[in-house]
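Spelled out from the first residue to the last, the chains are:
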Amino acid sequence: MERADIVVIGAGLIGSSIAWRLAQGGRRVVLLERGEPGAEASWAGAGLLQPEAGREASPETLRLWLESLAMYEEFVREVQETTRTVFEFRICGRLVIALDEAQEAALRTRARAQEEVGIPYEWVAGDDVRRMEPAVTPDARAALLYRQHGLVDNRGLSKALALAAAMAGADVRHYEPALEIAVVGGRVDGVETANGRIAADVVVNAAGAWSSLLAPTETGTVRHVTGLPSPSQHDRPSASTDAPLIVGPAKGEIIALEARPRPIERVVTAPGASISARADGRIVVGATIIPGSFRKEITADGVARMIAAATRAVPCLSQARFLEAWAGLRPHSRDDQPVIGADRIVGLYWATGHFTMGILSTPATAAVVADLIEGRPPRVPISSMSPRRFEQ
Ligand SMILES: Cc1cc2nc3c(=O)[nH]c(=O)nc-3n(C[C@H](O)[C@H](O)[C@H](O)COP(=O)(O)OP(=O)(O)OC[C@H]3O[C@@H](n4cnc5c(N)ncnc54)[C@H](O)[C@@H]3O)c2cc1C
């Protein structure tokens, strides 16, 4: 039987970066991907790097995001040098704008939340917003400026990470789905694929929105949470009960426009849209958040709302060329927080559930999962992210 030290399931940003770090450490790693590497959420995302305090983040999650942002520049440099690839990465800053009185009040609450945890921001008055970004609507009453926020070409990064993993010695297998995680006597025994079993003592479940579908049922962390509303059976391709998955999909629709010269330098976040201008002339406007369905359909309503929000915030975009719309499935846990850590089943680790921040979280997640597997203390605390919090 074929044997590896570690099998990583899913070659999105999370799985590829973990496989890379483990292979760099000298482990024999197999990275299984049922399609093309980086072709799901990691391809669909907007690529914004924007950690901030708010109700979405527990203290440990926020710390993971901040650590990841701090690591990003060096991480990109290492990936680019290793693979000799070039892709866009910029710390360009981000303005979160308020367009009416209620939004300005909400912005003040948001500012206080940053202050409480020491995240740097500046309060910018309306006139100064337009001096900084003349294309922003004169209706902007105020903004929060985060100078440290930025963006990355997540498609370029995804491809490069799968390549980096292979260059470090990982066996990266395209179109080879994991069918089942094999468990014997409460320990991981390997992974079943259509080509047979790969024996391994360590398995990392980084299968994104599909992670729960792979969770072993026997004695490990549960697949489902009972007592919560569930998506319809029709939307869940292979789930076996009606209870909701502990990690499931949250669809995001997103669009690209084209405008030259680029109308804005910073990322502009307005109610209903985050707008960012890329080096290639694309203006990416995202994104909707619709939990519960594995279907990636793009709705007229989603596209209409994003266009309305973007043209309200940056009026000249009404003349921009419409390029395309697409959708992807964010891995979304039942409590919105990432799922990182050891399962009750010995040798099984989860690295998923990064929801709206998986591109941002990639460098730190790869580091902490490699730390856990190699028996080092993780560089940031992650105990609240354990998959075992869902056990009943
Ligand atoms: C519209 C949209 C906008 C977003 N914007 C941002 C943003 O601006 N900033 C940010 O930080 N994040 C953003 N995100 C979120 C981010 O994209 C995700 O959190 C991140 O990409 C998740 O990475 P992943 O590797 O866990 O999942 P994925 O990229 O989905 O990778 C999982 C992989 O597992 C594979 N897989 C599944 N089942 C199996 C199996 N049985 N066997 C083998 N392989 C399997 C899949 O094919 C897939 O390639 C956005 C997401 C969307 C959809």
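Note that the coordinates shown come from a computational prediction; the quantities given were computed from them, not determined experimentally.

Trainee: Lay out the sheet that holds strand S22 (residues 348-352) in plain terms, naming residues and giving numbers.
Mentor: Within a sheet, adjacent strands bond to each other through the backbone by hydrogen bonds, running parallel or antiparallel. Strand order across the open sheet formed by 6 strands is S10-S3-S2-S14-S22-S21, with mixed pairing between neighbours. Both outer strands of the open sheet, strand S10 (171-173) and strand S21 (339-342), are each paired with one neighbouring strand and no more. Strand-to-strand twist of the sheet, defined as the mean angle between neighbouring strand axes without regard to direction, takes the value 15°. Where strand S3 (residues 29-32) lies against S10, 3 bridges are found, and the strand directions are parallel. Paired with Leu31 across the two strands is Val172, which belongs to S10.

Trainee: Outline the packing of helix H1 (residues 13-24) against helix H3 (residues 59-83), listing residues and values.
Mentor: Orientation of H1 relative to H3, taken along the N-to-C sense of each, is 70°, at an axis distance of 14 Å. Taken together, H1 and H3 sit at an angle that is classed as roughly perpendicular. Residue-level inspection shows Ser17, Trp20, Arg21 and Gln24 of H1 in contact with H3, the latter providing Phe75, Glu78, Val79 and Thr82. Taken together, the residues of the contact of H1 with H3 break down into 3 nonpolar, 3 polar and 2 charged.

Trainee: Talk me through the site of the ligand; I want residue IDs and the actual numbers.
Mentor: Close to the ligand lie 36 residues; Glu33, Ser42, Leu48, Ala178 and Leu360 are nearest. Note that an oxygen atom of the ligand is positioned 3.2 Å from one of the side-chain N or O atoms of Arg34. A total of 1000 Å² of accessible area belongs to the ligand in isolation, and the protein chains cover 97% of it. Every element with two or more residues in the shell around the ligand is listed here: H1, helix H2 (41-44), strand S15 (247-258), strand S20 (321-333) and helix H8 (358-373). Residues that form the shell around the ligand fall into these classes: 21 nonpolar, 11 polar and 4 charged. Residues from two domains meet in the shell around the ligand; each of domain 1 (2-84 + 154-242 + 335-390) and domain 2 (90-149 + 248-333) gives at least three.

Trainee: Which residues make up H8, and what values go with them?
Mentor: If you look at H8, its biggest bend is around 40°, right at Ala364. Extensive coverage of H8 is indicated by the burial of 15 of its 16 residues. Among the residues trailing H8, Gly375 stands out with phi positive, at a value near 80°.

Trainee: Account for the domain arrangement of the protein chain, with residues named and values stated.
Mentor: Accessible area lost upon the coming together of the parts is a frequently used measure of interface size. In terms of domains, the protein chain is made up of domain 1 (2-84 + 154-242 + 335-390) and domain 2 (90-149 + 248-333). Just the C-alpha atoms count here: the centres of domain 1 and domain 2 sit 28 Å apart. Interface area, domain 1 with domain 2, both sides summed: about 2700 Å², of which 60% is carbon and sulfur. Arg110 is the salt-bridge partner of Glu52, the closest N and O atoms lying 2.6 Å from each other. Elements represented by at least two residues in the side of domain 1 that touches domain 2 include exactly H2, strand S4 (48-49) and H3. Of the residues contributing to the side of domain 1 that touches domain 2, the split by class is 19 nonpolar, 9 polar and 8 charged.

Trainee: Tell me what's going on with the nonpolar core, and back it up with residues and numbers.
Mentor: Counting 61 residues, the largest nonpolar core has Val8, Ile18, Val152, Leu157 and Val204 as the members making the most contacts within it. Shared between two domains, this core holds at least three residues of each, these being domain 1 (2-84 + 154-242 + 335-390) and domain 2 (90-149 + 248-333). Not counting the four nearest positions on each side in its chain, Ile18 is found in contact with Val8, Val204, Ala351, Ala366 and Val369.

Trainee: So what's going on with the side chain of Arg94? Residues and values would help.
Mentor: Structurally, Arg94 is set in strand S6 (residues 94-98). Look at Arg94 and you get buried, because its relative accessible area is 3%. Here Gln50 takes part through its side chain, which lies 2.8 Å from a polar atom of the side chain of Arg94. Separated by 2.9 Å, the side chains of Arg94 and Thr269 make a polar contact.

Trainee: So, the packing of H1 against H8: which residues are in play, and what are the values?
Mentor: Where H1 contacts H8, the axes come no closer than 8 Å and their chain directions differ by 40°. Taken as axis vectors, H1 and H8 run oblique relative to one another. With respect to the hand of their crossing, H1 and H8 are arranged in right-handed fashion. Taking contact as the criterion, the partners of Leu13, Ile14, Ser17, Ile18, Arg21 and Leu22 in H1 are, on H8, Gly358, Ile359, Thr362, Thr365, Ala366, Val369, Ala370 and Ile373.

Definitions and cut-offs
Residues numbered from 1 in each chain as written. Predicted model: local features only at pLDDT ≥ 70, side-chain atom pairs only at ≥ 80, totals over all residues. Heavy atoms only, no water. Pairing = 2+ DSSP bridges. Helix = DSSP H or I, 4+ residues; strand = E, 2+ residues; numbered from the N terminus. Axes fitted to C-alpha atoms, helices over the stretch in contact; angles between N-to-C directions. Parallel < 35°, antiparallel > 145°, perpendicular 65-115°, else oblique. Contact = heavy atoms within 4.5 Å. Nonpolar A, V, L, I, M, F, W, Y, C, P; charged D, E, K, R; others polar. Near = heavy atom within 4 Å. Polar contact = N/O pair within 3.5 Å; in protein donor to acceptor, adjacent residues only side chain to side chain. Areas by Shrake-Rupley, 256 points an atom, 1.4 Å probe, with all protein chains shown as cover. Domains from an automatic or database assignment. Bend = angle between axes of the 7 residues up to and from the residue. Buried < 20%, exposed > 50% of the residue type's maximum accessible area, 1.4 Å probe, protein only. Buried area = accessible area lost by both parts, 1.4 Å probe. Salt bridge = Lys/Arg side-chain N within 4 Å of Asp/Glu carboxyl O. Core = buried A, V, L, I, M, F, W, Y, C linked by side-chain atoms within 4.5 Å. Left-handed = near helix turned anticlockwise from the far one by under 90°.

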